[in-house]
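Read off the chains here:
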Amino acid sequence: MSSVLKSRPMFDAARWMPWLPLLAGIALLYVPTIVRLANGLWNEEANAHGPIILLVVLWLAWRQRAALARETPVAATATALGAVALAGGLLFYVIGRSQGIMLFEAGSTLPVLAGALLILRGWDGLRALWFPLLFLVFLVPLPGFAVDAITGPLKSQVSHVVEDMLYWAGYPIARSGVVLSIGSYQLLVADACSGLNSIFSLTALCLLYLHLTPVRSIARNVLLIMGIVPIAFVANVVRVTTLVLITYYFGDEAGQGFLHGFAGMVLFIAALLLLLAADAVLRRLLGVKSPALVQR
Amino acid sequence: MKNGTLRCIAVGLAMFCASGLALALKPSHQKAADAPRFETVIPQSFGGWQIDPTVVPVVPSPDVQANLDKIYSQIVSRTYINGNGERMMLTVAYGGDQSDALKAHRQEVCYAAQGFEIHGLTHVAMDVGGASIPVTRMQAVRGFRSEPVTYWLTMGDRVVVGRLERLLTQIRYGLAGRIPDGLLVRVSSLSDDPQAAFHAQDQFIRDLLAGMKPQDVPLLIGARS
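Quick caveat: nothing in here was measured; it's all calculated off a predicted structure.

Trainee: How should the overall build of chain B be read in this particular structure?
Mentor: Of regular secondary structure, chain B possesses seven helices and 11 strands. Expressed as a percentage of the 225 residues in chain B, the buried residues total 33%. At a minimum sequence separation of 6, the contacts of chain B that also span at least 24 residues come to 66%.

Here it is as structure tokens:
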């Protein structure tokens, strides 16, 4: 065999060996968590984006593998802070895992992994992987109090706007609280229709978009992030309106069946297009150059 | 060994210990193993009130019922009537395992989800002969139906108000190896005058507790309220 071929093996066991205790530790902690999420929360609409977020995090981390492999001297402050983060995170993990509080269990990934990274690779490591670490936030199921606080008002606003629009368009529509009556049908605007889920997943999508298309314009980035909630709201009004009209023209079954899923898709595409349009308009207004996907 | 490798082993070891500790601290003993029968604990008549035989309980829709069955293992739902023809609706719902995702309903959320508008949501301490219960009050309105509601939730041995308090109670129970049970007690009536209705509801609750066997009272209001 020639030495040229030998010099770059596909898989260098010796280089990966030292990582084994760490990888085993992470697997021990979080493989059960992922299994539990996959069997439970990820099957609910509110957290259906979970698996995609996980894949994105893994992909983003993989992009930075060169930085991970680079051994650097670790500052003492980094080690100390990392140890604190790791210990705190593991405490949350222990409480969350043993008491069945997913908020703590999934939430612990952030301090645990950030702490481990600080101890092993110092500030440079944290700088290289800050975004995938931050993205882990979207893996944490929203706590109930936040859901309740946001869902209610959002729902009634959506119902209100849909009622006004369709009334103005001449449809026989009336509203009482979050119950819409159109023709002979009554529709309850359910929690899922509040748009909270879409705000959550759209925020994730928007941050990912901003990360992958870096433009040196703080104004554009900030404005685009501020636009997420209005965009999700508009997209959601589109969704509920679509559903109401489907029910009006094709009956209750159509509204609740296949077309319900279809309306969800309409929502996502509408939100995505609005986001891209908003970005194009912002870049034109602010005079920044068109972004390109950067490979690092 | 290299410094980096040592660090890696240390971090891995910490994770290993946390994983083991979490497994060791999992609670197994369910407090509710010998749950009381609330159908008999709550008297059929007391202090001038008796079950209104003319009211057929409203059966929830199947999807709502399925959800209720998941959360609660016992539901007592009754309408009482007194000599003046005043009616009170009483619901007592018991769940043996309240640990999973803080299940028991907060009624303001529950009513709102069914199309009611919620007005005047307040938390007050209600005095019931010697003890005080931290109750939540609200007026639920849908169309012409106005329903003032007074309710409270217990978890384990105490009445809990906020989510934080419930979370802390759950953790306290769990770390002691127990799974807390929980109870929802809800009293409501149909009235356009919430203040008068709340006043009547307070009296109804006091009558109810006075009409129960003294040893059963802590089941409803918590042993430590």
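Trainee: Please clarify how the interface of chain B and chain A should be interpreted in this entry.
Mentor: Often, the extent of an interface is quoted as the loss of accessible area upon association of its parts. Contacts between the two partners involve 31 residues from chain B and, on the opposite side, 32 residues from chain A. Listing elements by their share of the side of chain B that touches chain A, those giving two or more residues are α1 (3–24), α4 (107–113) and α5 (163–175) of chain B. Per element, the largest residue contribution to the side of chain B that touches chain A is 14 residues, and it comes from α1(B). Grouping the constituent residues of the side of chain B that touches chain A by class yields 16 nonpolar, nine polar and six charged.

Trainee: Where do I start with the sheet that holds strand β2 (residues 179–182) of chain A in this structure?
Mentor: Paired through backbone hydrogen bonds, the strands of a sheet run either parallel or antiparallel to each other. All names here are of chain A. Spatially, β1-β2-β3 is the arrangement adopted by the three strands of the open sheet, whose pairing is antiparallel. Unpaired on one side and paired on the other, β1 (173–176) and β3 (185–188) mark the two borders of the sheet. Each strand of the sheet is rotated relative to its neighbour by a mean of 20°, with strand direction disregarded. The pairing of β2 with β3 spans four bridges and is classified as antiparallel.

Trainee: Can you walk me through the confidence of the model for chain B in this structure?
Mentor: Should pLDDT be low for a region, the predicted coordinates there are not to be read in detail. In this model, chain B carries a mean pLDDT of 80, and residues with pLDDT of at least 70 account for 84%. Mean pLDDT per element in chain B: strand β1 (residues 29–30) of chain B is the minimum at 58, and helix α6 (residues 194–211) of chain B is the maximum at 89.

Trainee: What am I meant to see in the confidence of the model for chain A here?
Mentor: Residue and element names in this part refer to chain A. Model confidence for chain A is summarised by a mean pLDDT of 80, while 85% of its residues fall at 70 or above. The element-level mean pLDDT for chain A is lowest in helix α1 (residues 3–7), coming to 47, with helix α6 (residues 76–99) highest at 92. Overall, residues 1–6 carries pLDDT values under 50, and its contacts beyond four positions in sequence, including any with other chains, amount to one contact.

Trainee: Looking at this structure, how should I read helix α4 (residues 50–63) of chain A?
Mentor: Two residues of an α-helix separated by three or four positions point the same way, owing to the 3.6 residues in each turn. All names here are of chain A. Compared with the 20 Å implied by 1.5 Å per residue over 14 residues, the 20 Å span of α4 between its first and last C-alpha is a close match. Residues of α4 that are buried: Gly 50, Ile 53, Leu 54 and Val 57. In a view along the axis of α4, the buried residues occupy a sector of 100°, so they form one face of it. For α4, exposure combined with an orientation more than 90 degrees from the buried face picks out Leu 55, Trp 59 and Trp 62. Looking at the buried positions of α4, the neighbouring elements they touch are α3 (20–39), α8 (109–135) and α10 (196–212).

Basis of the calculations
Residues numbered from 1 in each chain as written. Chains lettered and ligands numbered in written order. Predicted model: local features only at pLDDT ≥ 70, side-chain atom pairs only at ≥ 80, totals over all residues. Helix = DSSP H or I, 4+ residues; strand = E, 2+ residues; numbered from the N terminus. Buried ≥ 20, exposed ≤ 12 C-beta atoms within 10 Å, placed from the backbone. Contact = placed C-beta atoms within 7 Å. Nonpolar A, V, L, I, M, F, W, Y, C, P; charged D, E, K, R; others polar. Pairing = 2+ DSSP bridges. Axes fitted to C-alpha atoms, helices over the stretch in contact; angles between N-to-C directions. pLDDT = per-residue confidence, 0-100. Expected span 1.5 Å × (residues − 1). Arc of directions from axis to C-beta.

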